[in-house]
Amino acid sequence: MPTSRTTLDPENWSDLRALGHQMMDDMIDHLSTIATQPVWQKMPDDVRAHFTTPLPASGANLLEIYDDFSKNIKPYATGNTHPRFFGWVHGGGNPISMLAELLAGALNANCGGRDHAGIAVERQVIAWAAEMVGMPPETSGVLLTGSSMANFVAVLCAKYRALGQNGRENGLQGQHLTAYASTFVHRCVGGALDMAGLGLSALRKIPVDSDYRISLPALKTAIAEDREAGKIPFLIVGTAGTVDVGAIDDLTALATIAQSENLWFHADAAFGALACLSPTLKARLAGIERADSVAFDFHKWAQITYDAGCVLIRDPAIQLATFSQPTNYLAPAAALAGGAPWPCDLGPDLSRGFRALKIWMTLSTYGSAAFGAIVDKSCALAIHLAARITASPKLELAAPTPLNIVCFHVRNFSDEQTAALVANLQESGQFAPSTTVIKNRLAIRAAIVNHRTEFSDIDALIDEIERRIQER
Ligand SMILES: *Cc1c(COP(=O)(O)O)cnc(C)c1O
């Protein structure tokens, strides 16, 4: 939008309004017809080359730039809005959250602190999250990019509990803090220990039982061994929904061990936390309400548009003590500078956007029961998928299906054949499963997270895989 004026606002708002309405119509068309589009398309080289130009010194016409978006960006998105996207653990998003992003953009609130609506809405969302997992009303927390950061914040709080202010001032001073989690723990937990300065080796990975849950006897032995060796056990991480197979550790037992060993108990419930909203699955997460901290994502099973992670900390004083740094230019005061504690004293970010709005609008619009129903449906689809695999002479399950993730093999396929099959399915634009390794063998992995996925999508996936095996 070339202009000799220095404001970025248009001279003629009505042109912008018309294009804005057009964009809204186009995006609603996009979402309402998503199932008819390819799941994923590789960005062609000539399109990719389009994004290697020098910084534009002068502007161009917004209509042309929007055309560029429509032709060169929109068709090459990840694909996770599509009902046949089964890869990794990706949420499908929802139209209310999309609209809320527009509203949040208009307010352009900085939710690092100060006394304004953005902070009140975020506190409301944190209170709802605590209620969802059964933690007490005074639980504190903060919204973050995702569970990677939420796990990091929890690790820092656990470290503060172990070392106190001295640890913040002077670091580890040669002490070896050790944390415990199963071998199926998400990689970001090791990453969090690394970022916290404890080293990747601070994570003791404990073997799992036949249900892919952390072995409790092995955990107790490891803690005792480490104490014997002069290390300082400080943290147990239970996973509620492992990425590989969707296993849920025995959180009640972990809470009890943490209590008797005087360790911080953290639950990584990145997607699993939403199962607390399912009356039938809730019991499987029993013990999560006893955690010192919980990490989870609104952008996975809660279908909020990316990004939206959340950490909950039982003891608000520890969260504040872990992050607060009194600073002259950020001193809470009266009026707009009121309303402490601020999110910037509860996590690593100072400036931060208004993530809470899309969460608040989505949960307010649909109600929590709708998300319990989505979780139940996803798990029912996973059971259906597992049944189709069991019934097929060409396929076999690679692991149990405790939740919404199904890992399976094509009988007699090598890892190379499995990898090629998955890549071919993705490249066809029909389906996007991913892979993982189960017992040293590459498995096809389907995580059912999207609220748009139906039984017919599951049947189509198996029919297509069987057709492709037949054709070989
Ligand atoms: C997705 C996931 C994470 C990481 O969360 P991000 O939002 O991707 O940062 C951590 N743990 C588990 C169990 C997950 O599923």
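It should be emphasised that the depicted structure is a prediction, and the values quoted were computed from it without experimental measurement.

About the cut-offs
Residues numbered from 1 in each chain as written. Predicted model: local features only at pLDDT ≥ 70, side-chain atom pairs only at ≥ 80, totals over all residues. Heavy atoms only, no water. Helix = DSSP H or I, 4+ residues; strand = E, 2+ residues; numbered from the N terminus. Rg over C-alpha atoms; globule rule 2.2 N^0.38 Å. Buried < 20%, exposed > 50% of the residue type's maximum accessible area, 1.4 Å probe, protein only. Contact = heavy atoms within 4.5 Å. Areas by Shrake-Rupley, 256 points an atom, 1.4 Å probe, with all protein chains shown as cover. Lys, Arg positive; Asp, Glu negative; His and termini not counted. Charge placed at Lys NZ, Arg CZ, Asp CG, Glu CD. Pairing = 2+ DSSP bridges. Polar contact = N/O pair within 3.5 Å; in protein donor to acceptor, adjacent residues only side chain to side chain. Core = buried A, V, L, I, M, F, W, Y, C linked by side-chain atoms within 4.5 Å. Domains from an automatic or database assignment. Buried area = accessible area lost by both parts, 1.4 Å probe. Salt bridge = Lys/Arg side-chain N within 4 Å of Asp/Glu carboxyl O. Nonpolar A, V, L, I, M, F, W, Y, C, P; charged D, E, K, R; others polar. Expected span 1.5 Å × (residues − 1). Bend = angle between axes of the 7 residues up to and from the residue.

Undergrad: Got a minute to help me understand the overall build of the chain in this structure?
TA: In terms of regular secondary structure, the chain is built from 14 helices and eleven strands. Relative to the 2.2 N^0.38 estimate, which gives 23 Å for 472 residues, the radius of gyration of the chain is 24 Å and therefore close to what a compact globule would have. Over its C-alpha atoms, taken along the principal directions, the chain stretches across nearly 70 × 70 × 45 Å. When burial is assessed residue by residue, the chain has 49% of its 472 residues classed as buried. Summarising the internal contacts of the chain: among those between residues at least 6 apart in sequence, 74% fall at separations of at least 24. Surface exposure of the chain reaches about 21,700 Å², of which carbon and sulfur atoms provide 56%. Charged side chains in the chain number 38 positive and 47 negative. The centres of these two groups are separated by 4 Å.

Undergrad: Quick question: what am I supposed to make of the pairing of strand β9 (residues 405-410) here?
TA: On a regular strand, one side chain projects to one face of the sheet and the next to the other, so that they alternate. β9 sits mainly inside the fold: six of its six residues count as buried. Alternating positions in β9 separate into two faces, I405, C407 and H409 on one and V406, F408 and V410 on the other, with burial throughout. Pairing of strand β8 (residues 395-397) with β9, which is carried by three bridges, proceeds in the antiparallel orientation. For L395, the partnering residue across the bridge sits in β9 and is V410.

Undergrad: Would you explain the side chain of S278 in this entry?
TA: Looking at the secondary structure, you find S278 in the loop between β5 (264-268) and β6 (293-297). Within the structure, S278 has its side chain in polar contact with the backbone nitrogen of L281 (distance 3.0 Å).

Undergrad: How should unusual backbone geometry be read in this particular structure?
TA: Phi is mostly negative for residues that are not glycine, and the peptide bonds are mostly trans. For the bond from Y306 to D307, the omega torsion is -10°, close enough to zero to count as cis. Position of D307 among the secondary structure elements: in the loop between β6 and β7 (309-313). Here A340 and P341 are connected by a cis peptide whose omega angle stands at 0°. Within the fold, P341 resides in the loop between α10 (316-323) and α11 (355-366). Residues other than glycine seldom take positive phi values, yet N262 does so here, at roughly 60°. Residue position: N262 is located in the loop between α9 (251-261) and β5. Looking at N262, the relative accessible area reads 52%, which means it is exposed.

Undergrad: Looking at this structure, how should I read the nonpolar core?
TA: Across soluble globular proteins, nonpolar side chains show a tendency to be buried alongside one another. Core analysis: the biggest nonpolar cluster contains 73 residues, and F296 and F298 have the highest contact counts within it. Here this core takes eight residues from helix α5 (residues 117-133), the largest share from any one element. Residue contributions to this core reach at least three from each of two domains, namely domain 2 (103-367) and domain 3 (369-470). In this structure, L156, A158, A192 and L203 belong to the second largest nonpolar core, which totals 36 residues.

Undergrad: Any chance you could explain the domain arrangement of the chain here in plain terms?
TA: Where interface size is quoted, it is often the accessible area lost as the parts come together. Domain annotation of the chain identifies domain 1 (42-76), domain 2 (103-367) and domain 3 (369-470). If you average the C-alpha positions of domain 2 and of domain 3, the two centres end up 30 Å apart. Buried surface at the junction of domain 2 and domain 3, both sides included, amounts to about 2,000 Å², of which 65% is carbon and sulfur. On inspection of domain 2 and its partner domain 3, the count reaches zero salt bridges. The interface formed by domain 2 and domain 3 contains ten residue pairs in polar contact (both at pLDDT 80 or more). Residue classes in the side of domain 2 that touches domain 3 are distributed as 15 nonpolar, nine polar and three charged.

Undergrad: Where do I start with helix α6 (residues 147-170) in this structure?
TA: Residues spaced three or four apart along an α-helix point in a common direction, a consequence of the helix completing one turn every 3.6 residues. For α6, built from 24 residues, the straight-helix expectation of 34 Å at 1.5 Å per residue is missed by more than 12%, its first-to-last C-alpha distance being only 27 Å. In the structure, α6 departs most strongly from a straight axis at L163, where the bend amounts to approximately 110°. Positioned one or two residues after α6, G171 has a phi angle of 75°, which is positive.

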